[in-house]
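Chain residues, written in single-letter form:
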Amino acid sequence: MKRKKTVITSRGAAAHAPRPRAPQPPRTPVVPSSILRLPGEKLRSAELADERAAARNARNAPAAAPAPATPLPPLAAVDLSVDLAPRRDGALVLRTPVMAAAGTFGYGVEYAELVDVERIGAICSKGTTLKGRTGNAPPRVTETASGMLNSIGLQNPGVEAVLERYAQTWAAWEVPVIVNVAGESVDDYVAVVRRLDGEPGIAGIELNISCPNVGKGGIQFALDADAAAQVTRAVRAATQLPLLVKLSPAAQDVRRIAQAVADAGADAIGATNTLPGMSIDRERRRPFLGNTYGGLSGPALKPVALRVVYEVAQVVEIPVVGIGGVASLDDVLDYLMAGASAVQVGSAVFADPLLPVRLADELEAWCRDQGMTSHRELVGAALPGRRDRPSMKGAEYRP
Ligand SMILES: Cc1cc2nc3c(=O)[nH]c(=O)nc-3n(C[C@H](O)[C@H](O)[C@H](O)COP(=O)(O)O)c2cc1C
């Protein structure tokens, strides 16, 4: 597998923007130091000068202000890097903890004109299956209060076509591309992963286990600890690529599922996929979506996914990625404090494709303001000292 380097150019630095909730005076765009050097690499003197200039701008010093009598002390670099597969010797190190979620950022190439994709932590591709799929009957998407419902049905051209069309482009990128894999049987998943294994441009695998397990009466893998472990173990045996397994928020005791996939060899856990929901077409007096059910995503999902992150982070040793309703720096901070090492931005990308880059910049600025040298200090800051009770025991009513 091609080992991804962690240094990129300063392209796209103009994407910096002030944090929406706390407007700041305009300042000169600052290239986050974390993306200019490898983690741990020393600042060069020219960079130090830039850092000082940035500090002055941040304090809104007038351009013509005289230089301070004593030089400013060098600002510590903020290291936003995150290792999503610590068991695999740095095989999946992201430059920032803000990723693009599966199914909402295409194959990355669609956005390459608009966004400096190299400044995204990692890109999760659309769900990829062994054979191409046309997806579900329309309508497939609808808005809901504080969110959206989708029933795309994993439309994709199949793994062969995905490799043929996109792998070469991905191989030329520094940003890790993680292929999201779906299937209806353990053999399906394994066949897709075998085909991806060793292909240049594939930095990792993300298993979408919110799929019907045809061999077990169609119950989702993600809702059954044994099935979740079985598919994870089989895929683990088929590849050395970093492996993320994405949980469903609908699991009754998500901690059991998380433990099962961690024990079966997952390198990281994604929490969460969408939550099953539906919508009614009142004119026609029937379900709105062609598929009746759809997956709820967006801000409405965040408290649920946040709770899953909080529960899972207490029972596994591997990194957890927070996914669900990330749309602002506050959301990123909440997920980190609940125990996530990174986050993915999904539905919010439709409104603002630059969001993953902007949130990383805002996180860096926030850490700097707090005098922190890494966001990693925040990870799990809100976790209890002793393991908290599971949410399935009295989430709303506590005797
Ligand atoms: C239109 C759409 C398509 C999606 N496709 C996939 C997919 O192919 N595989 C997958 O694991 N998750 C898929 N998801 C789920 C997202 O990756 C993410 O887990 C979910 O939307 C929650 O994040 P959000 O609230 O930021 O959107 C999809 C979501 C949306 C909205």
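Computed from a predicted model, the values in this text were never measured in an experiment. (Residues numbered from 1 in each chain as written. Predicted model: local features only at pLDDT ≥ 70, side-chain atom pairs only at ≥ 80, totals over all residues.)

Secondary structure summary: the protein chain contains nine helices and 16 strands in total. Evaluated residue by residue, the protein chain yields a buried proportion of 46% over its 399 residues. A separation of at least 24 residues holds for 71% of the contacts in the protein chain among residues at least 6 apart in sequence. (Helix = DSSP H or I, 4+ residues; strand = E, 2+ residues; numbered from the N terminus. Buried ≥ 20, exposed ≤ 12 C-beta atoms within 10 Å, placed from the backbone. Contact = placed C-beta atoms within 7 Å.)

Glancing now at the site of the ligand. Lining the immediate surroundings of the ligand are 25 residues, of which Gly103, Gly127, Ser297, Gly346 and Ser347 lie closest. Of the residues in the shell around the ligand, the class split is nine nonpolar, 14 polar and two charged. (Near = placed C-beta within 6 Å. Nonpolar A, V, L, I, M, F, W, Y, C, P; charged D, E, K, R; others polar.)

The subject of this paragraph is helix H2 (residues 159-172). Taking 1.5 Å per residue as the helical rise, H2 with its 14 residues ought to reach 20 Å, and the 19 Å between its terminal C-alpha atoms agrees with that figure. Where H2 bends most, at Tyr166, the angle is about 50°. Listed as buried for H2 are Val159, Val162, Tyr166 and Trp170. On the buried face of H2, the contacting elements are strand E7 (177-181) and helix H3 (186-196). (Expected span 1.5 Å × (residues − 1). Bend = angle between axes of the 7 residues up to and from the residue.)

Note: strands within a sheet are paired through backbone hydrogen bonds, in either parallel or antiparallel orientation. The four strands are arranged E5-E6-E14-E11 in an open sheet whose pairing can be described as antiparallel. Every interior strand has two partners, whereas the edge strands, strand E5 (141-144) and strand E11 (275-278), have only one. Within the sheet, the average angular offset between the axes of one strand and its neighbour, ignoring direction, is 40°. Here E11 pairs with strand E14 (residues 293-297) via four bridges, running antiparallel. What sits directly across from Pro276, in E14, is Gly295. (Pairing = 2+ DSSP bridges. Axes fitted to C-alpha atoms, helices over the stretch in contact; angles between N-to-C directions.)

Structurally, the position occupied by Ala327 is in the loop between strand E15 (320-323) and helix H7 (329-337). Sequence spacing of Ala327 and Leu355 is 28 residues, and the spatial spacing of their C-alpha atoms is 7.6 Å. In contact with Ala327, other than residues within four places in its own chain, are Pro299 and Ala348.

Below, the discussion takes up the packing of helix H5 (residues 254-263) against helix H6 (residues 302-313). For the pair H5 and H6, interaxial distance at closest approach is 9 Å and the crossing angle is 55°. Here H5 is positioned oblique relative to H6, judged by the angle of their axes. H6 is crossed by H5, and the crossing has right-handed handedness. Of H6, the residues touching H5 (which contributes Val254, Arg255 and Ala258) are Val308, Glu311 and Val312. A breakdown of the residues in the contact of H5 with H6 according to their chemical character gives four nonpolar, no polar and two charged. (Parallel < 35°, antiparallel > 145°, perpendicular 65-115°, else oblique. Left-handed = near helix turned anticlockwise from the far one by under 90°.)

Attention now moves to the pairing of strand E8 (residues 204-208). Within E8, five of the five residues are buried, leaving the element largely enclosed by the surrounding structure. Pairing of E7 with E8, which is carried by four bridges, proceeds in the parallel orientation. Looking at the pairing, Ile178 lines up with Gly204 of E8. Once the chain exits E7 it traverses H3 before rejoining the sheet at E8, and the crossover so formed is right-handed. With four bridges joining them, E8 and strand E9 (residues 243-247) adopt parallel strand pairing. Pairing of Leu207 across the sheet is with Val245, part of E9. (Right-handed = clockwise from strand over helix to strand, strands pointing away.)

Looking now at the confidence of the model for the protein chain. Mean pLDDT for the protein chain: 86, with 80% of residues reaching 70 or above. Between residues 1-53, whose pLDDT stays under 50, and residues either more than four places distant or in other chains, the model counts 78 contacts. (pLDDT = per-residue confidence, 0-100.)

So, about unusual backbone geometry. Residues Pro138 and Pro139 are joined by a peptide bond in cis, for which omega reads -10°. By secondary structure assignment, the location of Pro139 is in the loop between strand E4 (123-124) and E5. Between Ala271 and the following residue, Thr272, the backbone shows a cis peptide bond with an omega angle of 20°. Turning to its location among the elements, Thr272 is positioned in the loop between strand E10 (268-271) and E11. Within the chain, Asp89 stands out as a residue other than glycine whose phi angle is a positive 55°. Turning to its location among the elements, Asp89 is positioned in the loop between strand E1 (82-83) and strand E2 (93-94). Overall, the presence of 9 C-beta atoms within 10 Å leaves Asp89 in the exposed class. Of note, the phi angle at Thr292 is positive, near 65°, even though the residue is not glycine. Mapped onto the elements of the fold, Thr292 is located in the loop between strand E13 (286-287) and E14.

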